[in-house]
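Architecture at a glance
In case you want the letters, here they are:
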Amino acid sequence: MLRGVGRERMADGVGRERTTAGAGRERATADVGQERVAAGEEDVRVRELRTAVARLRRLLAALPAEFPDRGIAEEELAGLAAMAADGVPEVPRLRRSLLLLAGAIGSVSALSAGLTEVRHAVELFGEPPRRRAAEPPRR
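For the structure given in this document, a descriptive report is provided here. (Residues numbered from 1 in each chain as written. Predicted model: local features only at pLDDT ≥ 70, side-chain atom pairs only at ≥ 80, totals over all residues. Heavy atoms only, no water.)

As for the nonpolar core
Filter applied, for reference: In these notes, a set of buried Ala, Val, Leu, Ile, Met, Phe, Trp, Tyr and Cys residues joined through side-chain atoms within 4.5 Å is what counts as a nonpolar core. A simple rule labels every residue: compare its accessible area, found with a 1.4 Å probe on the protein chains alone, to the largest value its type can have, and call it buried under 20%, exposed over 50%, or partly exposed in between. Under the DSSP-based scheme used, a helix requires at least four consecutive residues in state H or I and a strand at least two consecutive residues in state E, with every element numbered from the N terminus. Two residues form a contact once any of their heavy atoms are found within 4.5 Å.
Counting residues in each nonpolar core, the largest one holds 25 residues, and the members touching the most others are Leu49, Leu56, Leu101, Ile105, Leu111 and Val118. Looking at this core, the elements with two or more residues in it are helix 1 (44–62), helix 2 (70–85), helix 3 (91–105) and helix 4 (112–123). Top element by residues in this core is helix 1. It accounts for six residues. Setting aside residues no more than four positions away along its own chain, Ile105 makes contact with Leu56, Phe67, Ala73, Leu111 and Leu115.

Following this line, the structure appears as structure tokens:
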């Protein structure tokens, strides 16, 4: 166990971790929600997304019943898996895939827990922008 571990937070949101046991060693870290991600390590959000997508893909593959939008669900899960494999995905694409996935399998109760897990993983990338109330037309 290391003793004398101290953290400093820099103005750009990146922290420096210093240890007295490893004199002079520093490691850059960044805050991600409640967890910290060290430079060069995998983003926690991406790991959660990858895990949730893999679980839902397994659940879907094990489901013996056919339903009309199964192909769409499989395609969107493959797309989500590819985005997670490429690093930090684009949030609008994630949300679009989640909507298509929910529409495709939303009524299949056997997949609801897996779909919820994917939704929570997508939410780790940030809340959707709030829609403003419709403004009256300008004259």
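Having seen it, we continue.
A word on the packing of helix 1 against helix 2
This is how it is decided: Between N-to-C directions, angles cover 0 to 180 degrees, with each direction set by a line fitted to C-alpha atoms, over the stretch in contact for helices. Here the word oblique covers every angle except those under 35 degrees (roughly parallel), over 145 (roughly antiparallel) and from 65 to 115 (roughly perpendicular). Crossings are assigned a handedness: left-handed for a near helix turned anticlockwise from the far helix by less than a right angle, right-handed for a clockwise turn.
In contact at an axis separation of 9 Å, helix 1 and helix 2 are set at 155° when each is read in the N-to-C sense. Compared by their axis directions, helix 1 and helix 2 come out roughly antiparallel. The two elements helix 1 and helix 2 cross, and the hand of that crossing is left-handed. Residues Val46, Leu49, Arg50, Val53, Leu56, Arg57, Leu60 and Ala61 of helix 1 lie in contact with helix 2, whose contacting residues are Arg70, Ala73, Glu74, Leu77, Ala78, Leu80, Ala81, Ala84 and Ala85.

Let's talk about the pattern of salt bridges
As a reminder, the rule being used: By definition, a salt bridge exists where a carboxyl oxygen of Asp or Glu is found within 4 Å of a side-chain nitrogen of Lys or Arg.
The full count for this structure, using the stated rule, is five salt bridges. Its salt-bridge partner being Glu117, residue Arg55 comes within 2.8 Å of it at the nearest N-O pair. Separated by 62 residues along the polypeptide, Arg55 in helix 1 and Glu117 in helix 4 bring together distant segments of the chain. Assessed through its relative accessible area of 27%, Glu117 is described here as partly exposed. Taking the shortest distance from any N to any O, the salt bridge between Arg70 and Glu74 comes out at 3.3 Å. Taken together, the positions of Arg70 and Glu74, both in helix 2 and four residues apart, correspond to about one turn of that helix.

Focus: helix 4
Because an α-helix packs 3.6 residues into every turn, residues spaced three or four apart end up facing the same way. To keep it simple, the criterion reads: By this rule, a helix spans an expected 1.5 Å times one less than how many residues it contains. Here the arc refers to the directions that run from the helix axis out to each C-beta atom.
The first and last C-alpha atoms of helix 4 sit 16 Å apart over 12 residues, in line with the 16 Å expected at 1.5 Å per residue. Along helix 4, the positions that sit buried rather than exposed are Gly114, Leu115, Val118, Ala121 and Val122. Buried residues of helix 4, seen end-on, are gathered within an arc of 120° and therefore sit on one face of the element. Elements in contact with the buried residues of helix 4: helix 1, helix 2 and helix 3.

Here we look at the environment of Gly71
Relative to the elements of secondary structure, Gly71 occurs in helix 2. Owing to a relative accessible area of 36%, Gly71 belongs among the partly exposed residues under this scheme. For the pair formed by Gly71 and Ala104, sequence separation is 33 residues and the distance between their alpha carbons is 8.6 Å.

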